[in-house]
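# Coordinates in review
Each chain, letter by letter, is given below.
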Amino acid sequence: MYSKEFMKFIYNYQKGADMSTIIGIKLEERLENSLKFQKILSNFGCEIRTRLGLHNNENNCCTNWGIIILEFVGDKDALNKFEKEILSIEGIKLGKIIF
């Protein structure tokens, strides 16, 4: 038997979801906040269709900030919950485009 989350993912994928949102996130203090950030992304794995992570490499050393671009599919309630959880992390800047 498939989980409720998996079935919701399949349903949303097949129908194109209720809405599609492109989210840009700047994560400051990347090394300190990455575990909490990753946990939130994993919790919303069924709603995140695409993820692209960018960080700068200066003098052969990774910077302590990064930019993440997400394609978030799902309803407004899931999007609002995701935003609230992500913004609970100190040093987060978030922008979005809703289609």
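So, a few notes on the structure that sits alongside this text.

What follows covers the pairing of strand S3 (residues 61-73). Note that strand S1 (residues 20-27) and S3 share eight bridges and pair antiparallel. In the strand pairing of S3, Ile 23 is matched with Leu 70. Sheet topology note: the strand S2 (residues 48-58)/S3 ladder contains nine bridges and is antiparallel. Bridging across to S3, Leu 52 finds its partner in Ile 69.

As a further point, take the pairing of S1. Here S1 pairs with strand S4 (residues 92-98) via seven bridges, running antiparallel. Looking at the pairing, Ile 25 lines up with Leu 94 of S4.

Going through the model one piece at a time under the given rule, you end up with three aromatic pairs. Centroid distance Phe 44 to Phe 82: 5.2 Å. Interplanar angle 80°. Geometry classified as edge-to-face. Pair noted here: Phe 44 is in the loop between helix H2 (30-43) and S2 and Phe 82 is in helix H3 (residues 76-87), with a separation of 38 residues, a long-range link. Here Phe 44 and Phe 82 have matching classes, each one buried. The structure contains a cluster of three or more aromatic residues connected by ring pairs, namely Phe 44, Phe 72 and Phe 82. In this structure, Lys 26 is placed above the aromatic ring of Trp 65, and the distance from its NZ or CZ to the ring centre is 4.9 Å.

The rules behind the values
- Residues numbered from 1 in each chain as written.
- Predicted model: local features only at pLDDT ≥ 70, side-chain atom pairs only at ≥ 80, totals over all residues.
- Heavy atoms only, no water.
- Pairing = 2+ DSSP bridges.
- Helix = DSSP H or I, 4+ residues; strand = E, 2+ residues; numbered from the N terminus.
- Phe/Tyr/Trp six-rings, centres within 6.5 Å; stacked < 30°, edge-to-face > 60°.
- Buried < 20%, exposed > 50% of the residue type's maximum accessible area, 1.4 Å probe, protein only.
- Lys NZ or Arg CZ within 6 Å of the ring centre and 35° of its normal.

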